[in-house]
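# A structural walkthrough
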Amino acid sequence: MIFILCKKGAAMRGIWHWTGLISLATAQPACAQLAPPLPSLPLPARPVLNEIGQDLERVTGNVARQLEDVRRAAAAKLVREHPDHIALDPEGFPARAGEVIVDDPDDALIARATAKGYAVIARDEVLGVGFVRLSAPRGRSLGQAIRELRKLGGHEVSADQLHAPSGAVPGHAAPVNAGNGPLVGVIDGGAAGAALTSGFAAGAPRANDHGTAVASLIAGAGLVRGGLPGARIASADVYGSDPAGGNATAIARAIGWMVQNRVSVVTISLVGPPNPVLGRVIAAAQARGTVIVSAVGNNGPAAPPAYPASYAGVVAVTGIDGRGRALIEAGRAGHLDYAAPGADMLAMGASGRTMRVRGTSFAAPFAAATIARFYPAPDSAGLRAAMAKVDAQARDAGSRGTDKLYGRGVLCEACRTPVQ
């Protein structure tokens, strides 16, 4: 397993995205390696149960620390590569440089802020959630700006943090299969062949490899079987050509667009830190009957809890390999609902070619497809019954009942297109 920082080619116009990705021995190299392969488990010749447990704990702990160190290094590299666009927030997460978000501000607060040198970039409302984006005065760090605006009366002030793909696939986009089934939403880079598409970043919408790979695992593409053949894809591109794409406000606006188009299930194979505006928009979408599905990321168990997966009510999904084992690099969330195939399989890659993929990014669309099969249109009154049918599809794995490795069980195991 290798944790890497990917520089995506023409599909992302050289934008750097920090992401966890497993490099497979036969996969085409597309990214610079930032960490060595994980160590093999050193079991004794005649293992005893307690010795095995000690070895596993030691190796897993070392892996987790490596992944967290690389995550931080990747974030720092993003800032060095794009100092005019990206800065670190007070918690060390990449965010839009020189910009802060104030949740539900009043005119008096905005007046006090502008008197201190802040400028309004945009004032917006998504599903009843109001917020304003402010540019900070020159020389103010994000942390300084957040503290100052809180002193001026801002109750919820945050950076506009970036969210990264939780897995990657090299190459260029090829269209997903067209269908006439239910709409399933993909908030990511653009997806080729989508029935509906919209952009929420500079240069968007345009298809890229990650968004199209995720969509191919829902609707199918070429030889790649999808979790819900015939599904139509609603694609919201939150990256475009913006070096600071994938930010919280772009994702929030994309969710609003999904609700407006009556998309019942939306998958977000991106990870980032908590953001108050995005959290409120997700809650507002859920109140309207929209199900949000999200990957737990690939930054390892020592990383901070991944969002959007950790927001209340979001369906959090981890990945398993071809032998049914939970991915060792899988991140964590505040809760875990399901596991689904996320390795030893194919998705649509460059110019219509299938590519090997690995990561929780590619497990989330299988869970979303399963949910959409039983919940094809927003219907809050029918959601509980639909989710009960989804639970009935889940194979109990690991400890009996809900557990920390597989959640309520494994979905869509037969959906995997195995590597030949």
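Please refer to the structure placed before this passage.
Below or above, wherever it landed, is the structure these notes cover. (Residues numbered from 1 in each chain as written. Predicted model: local features only at pLDDT ≥ 70, side-chain atom pairs only at ≥ 80, totals over all residues. Heavy atoms only, no water.)

## Topic: the overall build of the protein chain
Put simply, the test is: Helical segments are the DSSP runs of H or I of at least four residues, strand segments are the runs of E of at least two, and each set is numbered from the N terminus. The classification of residues rests on relative accessible area computed with a 1.4 Å probe and restricted to protein chains. Under 20% of the type maximum is buried, over 50% is exposed, and intermediate values are partly exposed. Here a residue-residue contact requires only that any non-hydrogen atoms of the pair lie within 4.5 Å. The Shrake-Rupley method, run with a 1.4 Å probe sphere, supplies the accessible areas, and residue values consider only the shown protein chains as cover.
Within the protein chain, the regular secondary structure consists of eight helices and 19 strands. Taken over 420 residues, the protein chain has a buried fraction of 57%. Within the protein chain, counting contacts between residues at least 6 apart in sequence, those at least 24 apart form 71% of the total. For the protein chain, the computed accessible surface area is about 16500 Å², with 51% contributed by carbon and sulfur atoms.

## A look at helix H5 (residues 248-260)
Our working definition: A helix's residues, less one, multiplied by 1.5 Å, set its expected span.
The end-to-end C-alpha distance of H5, which contains 13 residues, comes to 19 Å, matching closely the 18 Å that a straight helix rising 1.5 Å per residue would cover. Within H5, 11 of the 13 residues are buried, which leaves the element mostly enclosed by the surrounding structure. All of the buried residues in H5 are Ala248, Thr249, Ala250, Ile251, Ala252, Ala254, Ile255, Gly256, Trp257, Met258 and Val259. Trailing H5 by a residue or two, Arg262 shows a phi angle of about 55 degrees, which is positive.

## Looking at empty space enclosed by the protein
Summary: where empty space remains is shown by rolling a probe the size of a single water molecule over the atoms. Selection criterion: The method works on a 1 Å grid over the protein atoms by themselves. A cavity is a set of points holding a 1.4 Å probe that cannot get out, a pocket is an open set with protein on both sides within 12 Å along at least five of seven lines, and residues with an atom within 4 Å of a point line them. Grid points are joined across faces, edges and corners, and a volume is the space filled by probe spheres set on the points. Classes in brief: Ala, Val, Leu, Ile, Met, Phe, Trp, Tyr, Cys and Pro nonpolar; Asp, Glu, Lys and Arg charged; the others, Gly included, polar.
Throughout the structure, instances matching the rule amount to two cavities of 30 Å³ or more. If you add up the space inside the largest cavity, you get close to 100 Å³. Forming the walls of the largest cavity are 15 residues, and the residues nearest its centre are Val271, Asn299, Pro304, Pro305 and Ala306. Along the lines of polarity and charge, the residues of the lining of the largest cavity split into nine nonpolar, four polar and two charged.

## As for the environment of Ala316
Relative to the elements of secondary structure, Ala316 occurs in strand E16 (residues 315-320). You can call Ala316 buried: its relative accessible area is 0%. Here the alpha-carbon distance between Ala316 and Ala339, two residues 23 residues apart in the chain, equals 8.6 Å. Leave out the neighbours within four places in its chain, and Ala316 touches Ser294, Val296, Ala309, Ala333, His335, Leu336, Asp337 and Tyr338.

## Thoughts on the nonpolar core
Heads up, the rule is: Here the nonpolar core consists of buried residues drawn from Ala, Val, Leu, Ile, Met, Phe, Trp, Tyr and Cys, with membership extended through side-chain atoms lying within 4.5 Å.
One finds Ile233, Val265, Val293, Val315, Val317 and Ile371 to be the most contacted residues of the largest nonpolar core, which totals 44 residues. Those elements that place two or more of their residues in this core are strand E10 (183-188), helix H4 (209-219), strand E15 (291-295), E16, strand E17 (338-341), strand E18 (345-348), helix H7 (364-374) and helix H8 (380-393). Here this core gets seven residues from one element, more than from any other, and that element is H7. Every residue in contact with Ile371, bar those within four places of it in the chain, is listed here: Val265, Val291, Val293, Val315, Met387 and Val390. Core analysis: the next-biggest nonpolar cluster, separate from the first, contains 35 residues, Ile101, Phe200, Ile251 and Ala285 among them.

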